[in-house]
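Structural description and commentary
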Amino acid sequence: MTADSIDIITKLRRHPDWGEFVFPLDRLDIIRDAVIFIRRDGLIVFSEGYCHPPGQLIGNIVYEPHPEGSKTFFGQGFRSVIKRKAGEEDEWIDYREQIEIYRRLAPESQIDKPLFADYKCRFPLDEMAGFVDHRHSLRQARLKSAAVDDSMNKIAGMLKIPVETIGATGSMALGNLESAHDFDLVFYGTTAEHRALVDRIYGILEDPKRRVFEMGMHWAIRFYDDWGNMICPFFSYSDPAEIPLFKADFSLRRDGVEFRGRVTDDRHSFYMPSLLELEDVRLEGAQAPDRLTLILYHGGLRGEYRRGDRVRGKAKLADVTVPGKTFPALLSDHLLDTEKISE
């Protein structure tokens, strides 16, 4: 790291919000999905999923320090790596282009990655200066802003859940409270509790005015609440025993496999990664078992596919080993590589 990057992290640490929002790594229990880490050169990294090699972090760089950046964290300007301005609207940067940005910002992050991490980064954990805890950050934000506190209590009431089960990620988790109507929220609970909560969200989304179209896409479980706030939900397993890919190894059988099938089990559809059980599976040019697991190792289609939906796409055919078993699966790592079909 350069002298300039070391200087940046020194400045960040001196800001009063750092001590209020950022924990040292010795406070880290497990790496959950959607946890924000700050590298010692100031890069802000967003953890992806729950499967991380020992001493390593798999994630995406979401912000880089930049004097003309549109976001301010800890007194420093930052520029988004995952979206950019296109006129008055934000435009999503495709994963394939994001990878080129990662190679510029942290070329070492693209070496020796797991099979599921083609569009992600791998960092040694000891390169991180700290991390942000979802629920602690939201408590801090509520203490610092009466408007945020009021919004969180209203949202919890609307969704019929305890406000204490909600955390924050994104800008608010880093102490930036300027976007007080755009909330990236992390809901903690069991799979059964999350199922009930997501069904409530699907019910809310029956009203077309509640649906979110952003960066040229419709987002399946984002919604507008009763007060005009845009909610982007993430779901975190309160019981680690329910995490399906907590410790997993992936072995490639064949790349670029075209497939189709019908969703029979969507209990993990709204998590990252999303796991979907398929039946009536067909693989192009290969014999397929009647049932197969589809793993979406990206966050772009959380909640998109539901039981009964027919899906087609292109994926890696892989063997997945978790404690006690090995099973075949289709591994998709790009949101544009799968789609619903009506037939």
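Residues numbered from 1 in each chain as written. Predicted model: local features only at pLDDT ≥ 70, side-chain atom pairs only at ≥ 80, totals over all residues. Heavy atoms only, no water.

1. Re the packing of helix α4 (residues 134-144) against helix α5 (residues 146-159)
Orientation of α4 relative to α5, taken along the N-to-C sense of each, is 120°, at an axis distance of 5 Å. By the criterion of interaxial angle, the relationship of α4 to α5 is oblique. Taking contact as the criterion, the partners of Leu138, Ala141, Arg142 and Lys144 in α4 are, on α5, Ala146, Val148, Asp149, Met152 and Asn153. When grouped by side-chain class, the residues that make up the contact of α4 with α5 number 5 nonpolar, 1 polar and 3 charged. (Axes fitted to C-alpha atoms, helices over the stretch in contact; angles between N-to-C directions. Helix = DSSP H or I, 4+ residues; strand = E, 2+ residues; numbered from the N terminus. Parallel < 35°, antiparallel > 145°, perpendicular 65-115°, else oblique. Contact = heavy atoms within 4.5 Å. Nonpolar A, V, L, I, M, F, W, Y, C, P; charged D, E, K, R; others polar.)

2. Topic: the pairing of strand β3 (residues 44-47)
In the case of a regular strand, side chains alternate between the two sheet surfaces. Of the two faces of β3, both are covered, the one formed by Ile44 and Phe46 as well as the one formed by Val45 and Ser47. Two elements, strand β2 (residues 36-39) and β3, share 3 bridges in a ladder whose sense is antiparallel. Along β3, the bridge assignment pairs Ile36 with Phe46. With antiparallel pairing between neighbouring strands as the criterion, β2 and β3 make up a hairpin whose turn holds 4 residues, including Gly42 at a positive phi of roughly 95°. Relative to strand β4 (residues 56-65), β3 runs antiparallel, the two being bridged by 4 bridges. Looking at the pairing, Ser47 lines up with Gly59 of β4. (Buried < 20%, exposed > 50% of the residue type's maximum accessible area, 1.4 Å probe, protein only. Pairing = 2+ DSSP bridges.)

3. Looking at the side chain of His268
Looking at the secondary structure, you find His268 in strand β16 (residues 249-268). Since its relative accessible area comes to 13%, His268 is described here as buried. Setting aside anything within four residues of it in sequence, one finds His268 in contact with Thr191, Tyr237, Glu242, Pro244, Pro273, Ser274 and Leu275.

4. Looking at the sheet that holds strand β12 (residues 182-189)
Spatial ordering of the open sheet is given by β11-β12-β15-β14-β13, a layout of 5 strands whose pairing is mixed. Of all the strands in the sheet, just β11 (166-168) and β13 (211-214) have a single pairing partner and so form its edges. Across the sheet, the axes of successive neighbouring strands diverge by a mean angle of 50°, strand direction being ignored. Inspection of the sheet shows β13 paired to strand β14 (residues 217-224) by 4 bridges, in the antiparallel sense. Its bridge partner lying in β14, Arg211 is registered against Phe223. Strands in contact with α5 are β11, β12, β14 and β15 (230-237); relative to β12, the strand with the most contacts, it is inclined by about 50°. Sheet strands touched by helix α7 (residues 191-204): β12, β14 and β15. Its angle to β15, the strand with the most contacts, is close to 165°.

5. Observations regarding the pattern of salt bridges
Under the definition given, this model contains 32 salt bridges. In this structure, Asp280 engages Arg262 in a salt bridge whose closest nitrogen and oxygen atoms are separated by 2.6 Å. One end of the pair, Asp280, is in strand β17 (residues 274-283); the other, Arg262, is in strand β16, and 18 residues separate them in sequence. Note that Asp309 and Lys340 form a salt bridge whose closest N and O atoms lie 3.6 Å from each other. With Asp309 in the loop between β18 (292-296) and β19 (310-322) and Lys340 in strand β21 (residues 338-341), this pair connects stretches of sequence that are 31 residues apart. (Salt bridge = Lys/Arg side-chain N within 4 Å of Asp/Glu carboxyl O.)

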